[in-house]
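What the coordinates show
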Amino acid sequence: MALLPLLSLRSTTALYGKSTEESSPSEVSGRADQNSFIILDTSDGSLITVPDREFLYGALSYEMSPGFESEALKAQAVACYTYFSRLRKIHRLSPDPELKGADFSADLSCGQFYLSDSQLKKKWGSLYEKSIRKIRSACDSVYGQVLTDGSGELIDAAYHAVSSGATENAADVFGIDNPHLKSAASPGDVYAPDQITDVSFTADEFRDRLKKADSSIRFSGKPENYIKSTECTDAGTVKKLVVCSSSFTGGQIRTAFELRSAAFTVEYADGFFTFTVRGWGHGVGMSQYGAQSMAQDGADYREILMHYYTDICIRKI
């Protein structure tokens, strides 16, 4: 599952290529309409267009297993569609030259953000027919639904795989306050597979990785005294970690040590620095395993979305 960080749509015939039921994404020969996404494939620099409904199927399949509860799948579909529809609106109103006319970029060769039908057949094998039926059913049932603020503007519908047990305020993670991305309890995440992971590094590895993150850092004293202080959010994400002469954000440490999340503790013992990590992803917005837990407890997709996103409306466009 992924971070960004994604869906829901209408049955139409593709403007470029065959019908949505049988086509693969085709190369763009002009601007697609509002019912298609234009993607810059970073693997070869090409632009392709994917009709909304087809994109929804492939994006939901990328984000969630078809083994998840139907209501969790529906919630993810709405969040996905909102997230990418917002990107589309932003980049069509104010194009980014680096996107070359696309709504967003992705490495489609490895199925980033979106899996084509051929990729899904390879991924699911003999379970393809059963799996795609469930994915399509979830998407079709919420097709066109998005999350908006009170004025009808699409929200930034962030989501992640697993929280530490509570989601994060956007301001604490991204540095920008967002009225729709506030901390929410997510107790079901503690039952997610590998919700807690451990990873260890020797003192040399620890120093080398931090030097790559900050070449100005200077180490002194014994390794057990390297870590001076840690500041965390209420949900457990590290906001600031002071190591010797340098200060790092939790995100910087997560990147430097390839941790699943920035909700971690770190201790030194027996020659190793060990990170104990909770959750997977940035922790903001909807937790996918939290949504699964709520669905298992009887919540429908609307209840799930209203729980993880604050002051929102669910509308059909």
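The sections below set out a description of the structure shown in this document. Only a predicted model underlies this, so the values are computations on that prediction, with no experimental measurement involved.

About the criteria used
- Residues numbered from 1 in each chain as written.
- Predicted model: local features only at pLDDT ≥ 70, side-chain atom pairs only at ≥ 80, totals over all residues.
- Heavy atoms only, no water.
- Helix = DSSP H or I, 4+ residues; strand = E, 2+ residues; numbered from the N terminus.
- Buried < 20%, exposed > 50% of the residue type's maximum accessible area, 1.4 Å probe, protein only.
- Areas by Shrake-Rupley, 256 points an atom, 1.4 Å probe, with all protein chains shown as cover.
- Expected span 1.5 Å × (residues − 1).
- Axes fitted to C-alpha atoms, helices over the stretch in contact; angles between N-to-C directions.
- Parallel < 35°, antiparallel > 145°, perpendicular 65-115°, else oblique.
- Left-handed = near helix turned anticlockwise from the far one by under 90°.
- Contact = heavy atoms within 4.5 Å.
- Nonpolar A, V, L, I, M, F, W, Y, C, P; charged D, E, K, R; others polar.
- 1 Å grid on protein atoms, 1.4 Å probe; cavity = no way out; pocket = protein on both sides within 12 Å on 5 of 7 lines; lining within 4 Å.
- Points joined across faces, edges and corners; volume = space filled by probe spheres on them.
- Pairing = 2+ DSSP bridges.
- Phe/Tyr/Trp six-rings, centres within 6.5 Å; stacked < 30°, edge-to-face > 60°.
- Core = buried A, V, L, I, M, F, W, Y, C linked by side-chain atoms within 4.5 Å.

Here we come to the overall build of the protein chain. Along the backbone of the protein chain there are nine helices and 14 strands. Looking at the 317 residues of the protein chain, the share that counts as buried comes to 50%. Accessible surface computed for the protein chain: about 14,600 Å², of which carbon and sulfur atoms make up 48%.

Moving on to unusual backbone geometry. Even without being a glycine, D194 presents a positive backbone phi close to 55°. Relative to the assigned elements, D194 resides in the loop between α5 (170-174) and β7 (196-202). We note that D270 has phi near 55°; this positive angle belongs to a residue other than glycine. Along the polypeptide, D270 turns up in the loop between β11 (264-269) and β12 (272-278). Given a relative accessible area of 77%, D270 falls into the exposed group.

Another point: helix α2 (residues 70-93). The terminal C-alpha atoms of α2, which comprises 24 residues, lie 34 Å apart, in line with the 34 Å expected from a rise of 1.5 Å per residue. Among the 24 residues of α2, 18 are classified as buried, and the element is accordingly described as predominantly covered.

Moving on to the packing of α2 against helix α9 (residues 301-308). At their nearest, the axes of α2 and α9 sit 8 Å apart, and the two run at 55° to each other. In this view, α2 runs oblique relative to α9, as classed from their interaxial angle. Here α2 runs over α9; the crossing is right-handed. Listed contacts from α9 to E71, A72, K74, A75 and V78 of α2 are Y301, I304 and L305. Of the residues assigned to the contact of α2 with α9, the class counts are six nonpolar, no polar and two charged.

Empty space within the largest cavity amounts to approximately 60 Å³. S164, T237, A263, G281 and G283 are, among the 14 residues lining the largest cavity, the residues nearest its centre.

Strand order in the open sheet formed by three strands is β8-β9-β10, with antiparallel pairing between adjacent strands. If you trace the sheet from one side to the other, it starts and ends with β8 (227-232) and β10 (246-248), each paired once. Neighbour to neighbour, the strand axes of the sheet diverge by 15° on average, direction disregarded. Relative to β10, strand β9 (residues 238-243) is paired through three bridges, and the arrangement is antiparallel. Residue V243 lies in a different strand from β10, and its bridge partner there is S246. Relative to the sheet, helix α7 (residues 250-257) contacts β9 and β10, its axis offset from that of β10 by approximately 90°.

According to the stated counting rule, one finds 23 aromatic pairs in the structure shown. Ring centres of Y83 and Y159 lie 6.1 Å apart, and the angle between their planes is 70°; this geometry places the pair in the edge-to-face category. In this pair, Y83 sits in helix α2 while Y159 sits in strand β6 (residues 159-160), placing the two residues 76 residues apart along the sequence. Each of the two residues, Y83 as well as Y159, counts as buried. Seen from their ring centres, F219 and Y226 are 5.1 Å apart, and the 50° between their planes marks the pair as tilted.

Further remarks concern the nonpolar core. Of all hydrophobic cores here, the largest spans 58 residues; its most connected members are F55, F84, L147, M286, L305 and Y309. The biggest single contributor to this core is α2, with 11 residues. Ignoring sequence-local partners within four residues, the contact set of L147 consists of V78, T82, E153, L154, I155, A157, L305, Y309, I312, C313 and I314. Core analysis: the next-biggest nonpolar cluster, separate from the first, contains 20 residues, L210, F248, F257 and F273 among them.

These figures come from the coordinates and say nothing about function on their own.
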